[in-house]
Amino acid sequence: MDQTETPIGRTRTDRRTARRPRRDTPRRRFERTDRGQTELLGGILLFGLVVALVVLIQVAAVPSWNQALEFEHSQRVDGDFQRLGQIMSDVAGDGGDRSATVEVGMRYPTRPFLFNPPPATGRLETSEPGTLYINNSEISGVDNYWNDGSESFQTRTIRYDASYNEYRNDPAITYEYGLLVETHPSGVERPTRTIPVVNGTNVNLVLVDGRLQDTRAGTVTVPIEGVSAPSTGVKLRNRTDGDIVIRLPTESSQAVWDEALKNEIDSGGDSDPDKHVESVTVSDGEVVIRLERDETYNLRMAAVGVGSALPDERAAYITTKGDSTKIFANETRNELTAVVRDRYNNPVSGVEVEFRSDDATCGSFDSSPPDVTRATTGEDGEATVDIDMGPEQCEVDVTADIVGGSGPSDTATFEIRATTGAIVTIGSPGDGDGGAEDGVSELNPESGVPIYTGIAQSTSGGDFDVCMYNPTGETYTFLEGRISFYFTSGSNAPTTVAFTDVSGLSPQPLPGPFVDIQGLGDVSSDADAQSRIALDFEDKDSGPSDFFVLSIRYQVGSETDTFSYLVSPPDNNNYGDCPAPPT
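Draft legend 1. Focus on the overall build of the protein chain. Counting its regular elements, the protein chain contains three helices and 38 strands. When burial is assessed residue by residue, the protein chain has 45% of its 583 residues classed as buried. Per element, the accessible surface of the protein chain, about 28,500 Å² overall, is 47% carbon and sulfur.

Take a look at the structure:
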């Protein structure tokens, strides 16, 4: 082939020769890069393994982790409710305002590359109000309230339940009357805090008021206030010949109430003197508790408010502090105290009370006009005024009225006798002589307990036999006795008294402490052979217008009860014979 010159001085052969190295270059590069296929495939496989592991953790481990966290949260909520229940009891006892926190819901921790379900929420709420009844009952010493034999009150239940994503056996929790109960999805109930509504002769009712409703994944702060607190004890007895019946709305089962009151149920018919619950029956959302008749119970009620819409408890009735019958010496200044309470029998402060004397010449106030004055109740619900007795022997009634009230429960009456003779006064409460607050349940009881029928005057002068008769059917044993008060129309009041049938007992001062009179045995239940308490008031010839107060403490089973009797000698000398008991 001819070689020809090109314009740049090269032959065609030269150009072809020059291109050959360029055709070889791509072939060499391809041979070097096909070695990386193994590394690429390895990376893909490793990434696939990581993804598979993350998916496996998400599907298998995350639910298990969350279930464990939810269970731990459920345990914390149980602890929160234990504290809430204790705070409710504390507020009922002292009336102070507090708050409680409940971790109703929870959030899951952040986990990189993993997904969590939505936060677990919890719901905390109060139920609709239910009605509580206390039937066939009356309060000792109060005749202007709770006197129709039945009282009713409103209360609520506090409820909690959670919406967990994994934990399926979480219980709902309820609080009512101091009871905390867990109810599991299977229907099994487990009391976790039990404070018996009845404990011996004590009846304790903590009621819930207010409105609470909160759903969240976090902590709720619950304000807790004493709507009616602190609780004050009053003496409760059956009004007619039957059991006291307490009916409580409840969300708990028969098994829960049987467990709560298992140590109080006396199903054998008064076979155990320490147990006073005849029966406990749950039906249609109500528990019926029957208390033994002819027993004195100490009732304490409190209303505790949670959340919002809390009511202001108002005065429900007024009563006298201590016995309404008073005996004061002429030309002395003495205190009269009235007590204002709400419907739960707890004190109400800031209530104005008007005291009015129906005879200012017999008993008057340091006011103008002298027959009327006012006082305001303190935290203890008490309003106190001074009354000045006139110079003559007389009787006067003083009414204490809640200002603005108009019903019979808004008035209490003191019946006061002013005397010209010498008086041995009742010892001050808490002193060595005992006192007006002897734990006396009632003055001159007329039924349901041993009664005083009269005096058999063994000899003339200061020697008496006080006649006692027991119509109850129960055994009352003389335990202790004292003379706390003596009035004589003469000038020489006795200074000592001897219980002459009690062996080894020396004469006691007046007023005297409680002394052991167990040697007198049981109070007779035979109307024709009544028990006698022989008393000898030394250094005194008692006259027909004298009178004194005899306080007796009895043993009744494992309990004790104290009653006082206003004793007057007969107008004639009734030597030897006890009067017939009333029919």
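Draft legend 2. Main features of the pattern of salt bridges. In total, this model carries 23 salt bridges according to the counting rule given. Here Asp-214 ties to Arg-216 by a salt bridge, and the two come within 2.9 Å at their closest N and O atoms. By relative accessible area, Asp-214 is classed as buried at 19%. The salt bridge partner of Arg-532 is Asp-465, with a shortest N-O separation of 3.1 Å. With Arg-532 in strand β36 (residues 531–538) and Asp-465 in strand β31 (residues 463–469), this pair connects stretches of sequence that are 67 residues apart. Residue Arg-532 is classed as partly exposed on the basis of its relative accessible area, which comes to 31%.

Draft legend 3. Region of the structure containing the sheet that holds strand β19 (residues 317–320). Reading across from one edge, β19-β21-β25-β23 is the order of the four strands in this open sheet, with antiparallel pairing throughout. Edge positions in the sheet fall to β19 and β23 (363–364), since each of these pairs with one other strand and no more. As paired strands, β19 and strand β21 (residues 333–341) are joined by four bridges and run antiparallel to one another. Directly across from Ile-318, in β21, lies its bridge partner Val-340.

Draft legend 4. Structural detail: the state of the cysteines. One pass over the full model with this rule turns up two disulfides. Covalently, Cys-362 is tied to Cys-394 through a disulfide, its sulfur atoms 1.9 Å apart. Its S-S torsion of about 90° marks the bond between Cys-362 and Cys-394 as right-handed, since a negative value means left-handed. Linking Cys-362 in the loop between β22 (352–357) and β23 with Cys-394 in strand β26 (residues 394–402), this pair joins segments that are 32 residues apart in sequence. As far as burial versus exposure is concerned, Cys-362 and Cys-394 are alike and both buried.

Draft legend 5. How the structure looks around helix α2 (residues 37–94). Along its 58 residues, α2 runs 82 Å from first to last C-alpha, staying within 8% of the 86 Å computed at 1.5 Å per residue. Along its length, α2 shows its largest kink, about 40°, at Ala-61, and proline Pro-63 lies within four residues downstream of that point. The positive-phi residue at the C-terminal boundary of α2 is Gly-95, with phi of around 80°.

Draft legend 6. Seen up close, the sheet that holds strand β24 (residues 372–376). Pairing is mixed in the open sheet, where five strands are placed in the order β20-β27-β26-β22-β24. Two strands bound the open sheet, and with one partner strand each, they are β20 (325–329) and β24. Taken pair by pair, the neighbouring strands of this sheet meet at an average axis angle of 25°, ignoring direction. Here β26 pairs with strand β27 (residues 411–419) via eight bridges, running antiparallel. When the sheet's bridge partners are listed, Thr-399 is paired in β27 with Thr-413.

Draft legend 7. Structural context of the pairing of β22. Examined bridge by bridge, β22 and β24 share five bridges and lie antiparallel to one another. Considered in β24, the bridge of Val-353 is made with Ala-375. With five bridges connecting them, β22 and β26 associate as antiparallel partners. Residue pairing for β26: Val-353 is matched across the bridge by Ile-402.

Draft legend 8. A look at the environment of Glu-176. For Glu-176, the position within the fold is in strand β7 (residues 172–176). You can call Glu-176 buried: its relative accessible area is 1%. In this structure the C-alpha to C-alpha distance between Glu-176 and Thr-155, which are 21 residues apart in sequence, comes to 8.8 Å. Polar side-chain contacts of Glu-176 include one of 3.3 Å to the side chain of Thr-157.

Draft legend 9. Examining unusual backbone geometry more closely. Note that the residue after Ala-229, namely Pro-230, is joined by a cis bond; omega there is 0°. With an omega of 0°, the peptide bond running from Ser-368 to Pro-369 counts as cis. Mapped onto the elements of the fold, Pro-369 is located in the loop between β23 and β24. Although it is not a glycine, Phe-113 adopts a positive phi angle of roughly 70°. Turning to its location among the elements, Phe-113 is positioned in the loop between β1 (98–103) and β2 (121–126). You will see that Tyr-177, though not glycine, has its phi angle at about 55°, which is positive. Considering the arrangement of structural elements, one finds Tyr-177 in the loop between β7 and β8 (179–183).

Draft legend 10. Region of the structure containing the confidence of the model for the protein chain. Put simply, the protein chain has an average pLDDT of 84, and 84% of its residues get 70 or more. Throughout residues 424–441 the model reports pLDDT below 50, and contacts reaching past four residues in sequence, or to other chains, amount to 48 contacts.

Draft legend 11. Structural view of the packing of aromatic side chains. By the definition in use, this model includes twelve aromatic pairs. Their ring planes at 50° and their centres at 5.9 Å tell us that Trp-146 and Phe-153 sit as a pair that is tilted. Relative accessible area serves as the criterion here: at 1%, Trp-146 is assigned to the buried category. When its relative accessible area of 2% is taken as the criterion, Phe-153 is described as buried. Ring geometry for Tyr-476 against Tyr-554: centres 5.6 Å apart, planes inclined by 85°, an arrangement best described as edge-to-face. Note that Tyr-476 is positioned in the loop between β31 and β32 (477–488) and Tyr-554 in strand β37 (residues 547–556), a separation of 78 residues in sequence. One exposure class covers both Tyr-476 and Tyr-554, and it is buried.

Draft legend 12. Inspection of the side chain of Glu-176 at higher detail. The side chain of Glu-176 sits in the buried core without any salt bridge; Arg-159 is the nearest counter-charge, 8.1 Å away. Here Thr-250 takes part through its side chain, which lies 2.5 Å from a polar atom of the side chain of Glu-176. Polar side-chain contacts of Glu-176 include one of 3.2 Å to the backbone nitrogen of Glu-251. Residues within four places of Glu-176 in sequence aside, it is in contact with Thr-157, Pro-249, Thr-250, Glu-251, Ser-252 and Trp-257.

Reading the values: rules and limits
- Residues numbered from 1 in each chain as written.
- Predicted model: local features only at pLDDT ≥ 70, side-chain atom pairs only at ≥ 80, totals over all residues.
- Heavy atoms only, no water.
- Helix = DSSP H or I, 4+ residues; strand = E, 2+ residues; numbered from the N terminus.
- Buried < 20%, exposed > 50% of the residue type's maximum accessible area, 1.4 Å probe, protein only.
- Areas by Shrake-Rupley, 256 points an atom, 1.4 Å probe, with all protein chains shown as cover.
- Salt bridge = Lys/Arg side-chain N within 4 Å of Asp/Glu carboxyl O.
- Pairing = 2+ DSSP bridges.
- Disulfide = S-S within 2.5 Å.
- Expected span 1.5 Å × (residues − 1).
- Bend = angle between axes of the 7 residues up to and from the residue.
- Axes fitted to C-alpha atoms, helices over the stretch in contact; angles between N-to-C directions.
- Polar contact = N/O pair within 3.5 Å; in protein donor to acceptor, adjacent residues only side chain to side chain.
- pLDDT = per-residue confidence, 0-100.
- Contact = heavy atoms within 4.5 Å.
- Phe/Tyr/Trp six-rings, centres within 6.5 Å; stacked < 30°, edge-to-face > 60°.
- Lys, Arg positive; Asp, Glu negative; His and termini not counted.

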